[in-house]
Amino acid sequence: MQVMMPSTDLKGKKAVVTGAGKGIGRGIALAYAEMGADVALVSRTESDLKKVAAEIEAMDRQALVVPADVSKVAEIRRMTAEVMDAFGRIDILVNNAGRNILSPALEVTEEDWDKVLELNLKGLFFCCQAVGKYMVRQRKGKIINITSQMGVVALPNRVTYCASKGGVVQLTKVLALEWAQYNVNVNAIGPTFIKTPLTEPILANEEFRQEVLWRIPMGRVGEVRDVVGAAVFLASDASDFITGHTLLVDGGWVAH
Ligand code: NAD
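The paragraphs below set out a description of the structure included in this document. Note that this is a predicted model, so its numbers are computed, not measured. (Residues numbered from 1 in each chain as written. Predicted model: local features only at pLDDT ≥ 70, side-chain atom pairs only at ≥ 80, totals over all residues. Heavy atoms only, no water.)

Attention shifts here to empty space enclosed by the protein. Inspection of every chain in the model, using the stated rule, returns one cavity of 30 Å³ or more. Of the voids in this model, the largest cavity is the one considered here, and its volume is about 40 Å³. Contributing to the lining of the largest cavity are Thr 18, Val 70, Asn 95, Asn 96, Ala 97, Leu 119, Gly 123, Leu 124 and Cys 127. It is helix 4 (residues 110-138) that contributes the most residues to the lining of the largest cavity, four residues altogether. (1 Å grid on protein atoms, 1.4 Å probe; cavity = no way out; pocket = protein on both sides within 12 Å on 5 of 7 lines; lining within 4 Å. Points joined across faces, edges and corners; volume = space filled by probe spheres on them. Helix = DSSP H or I, 4+ residues; strand = E, 2+ residues; numbered from the N terminus.)

What follows is the structure in structure tokens.
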């Protein structure tokens, strides 16, 4: 009998995950290793990456620790070259590193604007470009950009974040169009509030937490595990005909 269900196995694949030291990036890196991939872990803090690498090596997979600031184009290029030297190819790229600086629009400084946009949008694009170059040559690759539900809906005090994440939704579509002919899939994941070190302080505010829960029909905030399922799907053969898409992992927030 022909098996209809395509595999979500990642055995033998080589993946790069940025912001892999904690939170969502760490979860995705561990899940990829669990599904069979070797993973290059990229972030600024080497000590965090080494801990994740040890967890991956305990699963008998290869982990490559590459400290780099992915808001800087020169570092992105160095990081990509290091991974290519070690792995020889890159099958999966997850652009996950991101930040937020909360501020009313009237008080946003030029410095805050640059910090958020340089990492969330500019750095993400140049990671796509640096790795995309090799994927185009390979005639195969999966790029997964971690945007946010804030790429499609707004909340006050997040003008820089929403602008950057909306930009990611759009650039994902353009890259998907340009690279479809080379069999390179470019998709995004848009999570709602997920419990991570980034959101811990804000979700500790009970009034804000209740406001968030009111907006999520499923009645809870997300766990890293919720995002991991989407990231494995979009990295695997099961999503070969999906490109330019933003998969919301939002418990129904945007449908509200
Ligand atoms: P986090 O702060 O827990 O982890 C972010 C990781 O990125 C850290 O390992 C950090 O060291 C790394 N990083 C930060 N700046 C970097 C830089 N310049 N270069 C390299 N690495 C850098 O964040 P998280 O909550 O896991 O968020 C991960 C991604 O998911 C971000 O893009 C974020 O915007 C997005 N997101 C998060 C949530 C949420 O609720 N947590 C919701 C929607 C989208």
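It is at 9 Å that the axes of helix 1 (residues 23-34) and helix 8 (residues 224-235) come closest, and there the two elements cross at 50 degrees. It follows from the interaxial angle that helix 1 and helix 8 lie oblique. For helix 1 against helix 8, the interelement crossing comes out right-handed. Residue-level inspection shows Gly 23, Ile 24, Gly 27, Ile 28, Ala 31 and Tyr 32 of helix 1 in contact with helix 8, the latter providing Val 224, Val 227, Val 228, Ala 231, Val 232 and Ala 235. Tallied by class, the residues present in the contact of helix 1 with helix 8 amount to ten nonpolar, two polar and no charged. (Axes fitted to C-alpha atoms, helices over the stretch in contact; angles between N-to-C directions. Parallel < 35°, antiparallel > 145°, perpendicular 65-115°, else oblique. Left-handed = near helix turned anticlockwise from the far one by under 90°. Contact = heavy atoms within 4.5 Å. Nonpolar A, V, L, I, M, F, W, Y, C, P; charged D, E, K, R; others polar.)

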